[in-house]
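The chain contents come next:
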Amino acid sequence: QNEFKLDNWVEIHIAGIDMSINKAVLYIVLASVITCVSMVWIARRMQDRPNKTQIAVEGLYDLIRSQIVNDNLDSKMAAKYFPFLATLFFFILFSNFIGLIPLPTNTEHPVDIFGVSVPSFALYAATANISIPLVLTLVVWIGYNAEGVRTHGFFGYMKTLLPAGIEDMPFLFKAFVFAIEVVSNVVRLVSLSVRLFAN
């Protein structure tokens, strides 16, 4: 289980916050760089007559647009949030792919090469540390609720938490259902982050 232990490679402490570089940071940087480079590389190779890469990318684009964005958002919100959701999709996809490649990140059993201690190869994924899925979930959860408040107003957004057809029910029942919906909304922070962490 020590492969999940994060030994600091470079100690960095700013204002009492530990910002040291460890293998989780390396994997986040790798996934971020691969996401950015691949998107720029693909964007520069788009053409009228699609090549094999473009056909594959258009398939992924259609998957994200139809299965993730359009199924959950109206057309105006879909156009607004598609770039963010697609970037998040590819970042998580590349993070998971990188987690399948053995990289020299195991500092517990280093290999001595010509007197230099080099980490041995190990498998690790950035999402194997609960803090990364939790931060991704927080960004999405805060954005989701902020957009709900911006679209409907605070009280209007609170009303959307009640399911349709409950207007004629007694006040105590509506209050009970509202409390359950608020709790389920907050519990999404745990369920979404743990689901990504467990994957």
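This text gives an overview of the structure that appears in the document. (Residues numbered from 1 in each chain as written. Predicted model: local features only at pLDDT ≥ 70, side-chain atom pairs only at ≥ 80, totals over all residues. Heavy atoms only, no water.)

## Description of helix H6 (residues 171–198)
Selection criterion: Going along the chain from the N terminus, every DSSP run of H or I of four or more residues is numbered as a helix, and every run of E of two or more is numbered as a strand. A helix is expected to reach a length of 1.5 Å times the quantity of its residues less one. Working definition for bend: take the seven residues up to and ending at a residue and the seven starting at it, fit an axis to each, and measure the angle between the axes. Under the scheme applied here, a residue whose accessible area is under 20% of the maximum for its type counts as buried, over 50% as exposed, and between as partly exposed, the area being computed with a 1.4 Å probe on protein chains only. Here, residues are in contact when the closest pair of their heavy atoms is within 4.5 Å.
The end-to-end C-alpha distance of H6 is 40 Å, a good match for the 40 Å that 28 residues give at a rise of 1.5 Å each. In H6, a bend of some 35° at Val187 exceeds every other bend along the element. All buried positions along H6 are accounted for by Val177, Asn185, Leu189, Ser193 and Leu196. As for H6, its buried residues are in contact with helix H3 (75–98), helix H4 (131–152) and helix H5 (154–160).

## What to know about the environment of Tyr144
Within the secondary structure, Tyr144 sits in helix H4. Taking the C-alpha atoms as reference points, Tyr144 and Ile28, separated by 116 residues in sequence, lie 23 Å from one another. Ignoring anything within four residues of it in the chain, the contact list for Tyr144 reads Tyr157, Asn185 and Arg188.

## Focus: the packing of aromatic side chains
Stated precisely, the cut-off is as follows: Two rings from Phe, Tyr or Trp (for Trp, the six-membered ring) form a pair when their centres sit within 6.5 Å of each other. Planes less than 30 degrees apart are called stacked, planes more than 60 degrees apart edge-to-face, and all others tilted.
This structure, assessed with the given rule, holds five aromatic pairs. Taken together, a centroid distance of 5.3 Å and an interplanar angle of 80° make the contact between Phe154 and Phe155 edge-to-face. Of the residues examined, Phe154 reaches a relative accessible area of 46% and is grouped as partly exposed. Within the aromatic cluster, the residues linked to one another by ring pairs are Phe89, Phe90 and Phe94.

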